[in-house]
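Chain by chain, the residues:
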Amino acid sequence: MDLELDKHSIPFDLESTLRCGQLFRWEKQDDWWYGVVEDRVIRTRQKNHILEFEGAPYKFISHYFRFQDNLPKIINKIQRDPFITLAAQTFPGLRLVRQDPWECLISYICATYKNIPAIKKMINELSKRFGDQLTVDNQNYYTFPKPKELAKSTINELRMCKLGFRAKRVKQAAMIVDSNQLDFEKLKITEYKKARNELTQLPGVGNKVADCILLFSLDKLEAFPVDLWIKRVIQQKYANHFERSFIKTISARKSLSQNEYDKISSFAQNYFGEYAGYAQEYLFHFFRSQAHRIDE
DNA sequence: GTAGCACCTCACTG
DNA sequence: ACAGTGAGGTGCT
């Protein structure tokens with residue numbers, strides 16, 4: 001199916017959206033992108049203002065790529081200074097993507113202390129071992145495992161998927177989700193701070209992972225995850241918004257204490273406003289792309 | 001309340 | 001080559 005994006009006045013750039021680091025399950029072959037989303041294999045490419053896609057109806061695609069987000073309005077709201085303005089202008093059409101909360105939870109537990117290529121590998125191994133096989137264009141793809149499959153897995157099997165110390169956390173989190181002790185739908189309508197507190201009860205879920213889940217899968221666009229790269233952005237570009245001693249303290253160490261994290265995150269939420277999460281996405285992608293080549 | 005450190009494994013660096 | 005380094009942090013002391 002073809003979709004004319006201009007006609008619907010939907011700024012969208014497939015390439016930067018799929019490369020920005022939020023997603024771990026898309027691969028490019030020739031000039032088509034292939035990705036497994038829920039129980040589908042989606043094939044898509046963009047030429048100028050035409051988005052071609054197969055494997056899902058328009059409604060699914062539009063929901064996934066958040067076409068209903070009014071991007072011009074959002075960018076207008078977050079443009080508080082020249083740096084964020086430049087970041088947003090460098091990647092026009094970059095959008096957040098609406099992920100499945102369960103997949104997002106496990107993916108970001110796995111993302112702890114790993115780089116993006118390694119995270120992709122772990123997720124693919126998990127899917128191959130515990131997911132369902134789908135065949136498209138004579139190639140095999142695997143769905144992300146259901147909660148039950150990971151809940152009944154053994155730590156050893158999980159470790160064979162290269163999870164390392166994350167294996168135990170993934171199994172425990174899976175058991176909690178599988179036994180319905182966590183209601184994602186309810187979290188969507190729960191106030192941000194309360195929802196985050198609930199998520200951080202899970203093993204392997206600290207502030208950062210919780211904020212990723214809230215932003216990428218639970219529609220909390222005000223969430224502002226602070227990772228290593230965002231910490232660097234703050235140190236280098238937003239230091240004047242903090243006490244000198246604070247910047248000095250966080251610069252001396254690699255990881256942030258809970259309080260330091262909250263200080264940075266709530267600054268950004270106040271500064272960028274209700275769409276702080278979009279600001280995070282642009283800052284993260286822009287700063288990384290400046291620092292070195294994008295992983296692929 | 002903060003500080004320090006271990007943690008699995010991988011990709012990239014020199 | 002191959003050891004060293006740091007990675008979309010969290011949990012424990």
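Here, every reference points to the structure presented above.
Residues numbered from 1 in each chain as written. Chains lettered and ligands numbered in written order. Predicted model: local features only at pLDDT ≥ 70, side-chain atom pairs only at ≥ 80, totals over all residues. Heavy atoms only, no water.

Novice: Any chance you could explain the pairing of strand β3 (residues 32–37) here in plain terms?
Specialist: Along any regular strand, the residues point their side chains to alternate faces of the sheet. For β3, a buried count of six out of six residues is recorded, marking the element as mostly surrounded by other parts of the structure. Side-chain alternation along β3 places Trp32, Tyr34 and Val36 on one buried face and Trp33, Gly35 and Val37 on a second face that is also buried. Relative to β3, strand β2 (residues 26–29) runs antiparallel, the two being bridged by four bridges. If you follow Glu27 over to β3, its bridge partner there is Tyr34. If you look at the hairpin formed by β2 and β3, you'll find two residues sitting between the two strands, and Asp30 has a positive phi there, around 55 degrees. Taken together, the five bridges between β3 and strand β4 (residues 40–47) define a ladder with antiparallel strand orientation. For Gly35, the partnering residue across the bridge sits in β4 and is Ile42. If you look at the hairpin formed by β3 and β4, you'll find two residues sitting between the two strands, and Glu38 has a positive phi there, around 50 degrees. (Buried < 20%, exposed > 50% of the residue type's maximum accessible area, 1.4 Å probe, protein only. Helix = DSSP H or I, 4+ residues; strand = E, 2+ residues; numbered from the N terminus. Pairing = 2+ DSSP bridges.)

Novice: Would you explain the protein's contact with DNA strand C in this entry?
Specialist: Gly21, Gly204, Asp227, Arg232 and Phe284 are the nearest of the 27 residues found near DNA strand C. A share of 55% of the atoms of DNA strand C within 4 Å of the protein falls on sugar and phosphate groups. One of the backbone N or O atoms of Val209 is found 3.0 Å from a phosphate oxygen in DNA strand C. Interatomic distance of 3.5 Å between a side-chain N/O atom of Lys254 and a phosphate oxygen of DNA strand C. Elements with a minimum of two residues in the surface near DNA strand C: α12 (207–217), α13 (228–237) and α16 (276–291). In terms of residue class, the surface near DNA strand C is built from 13 nonpolar, eight polar and six charged. (Near = heavy atom within 4 Å. Polar contact = N/O pair within 3.5 Å; in protein donor to acceptor, adjacent residues only side chain to side chain. Nonpolar A, V, L, I, M, F, W, Y, C, P; charged D, E, K, R; others polar.)

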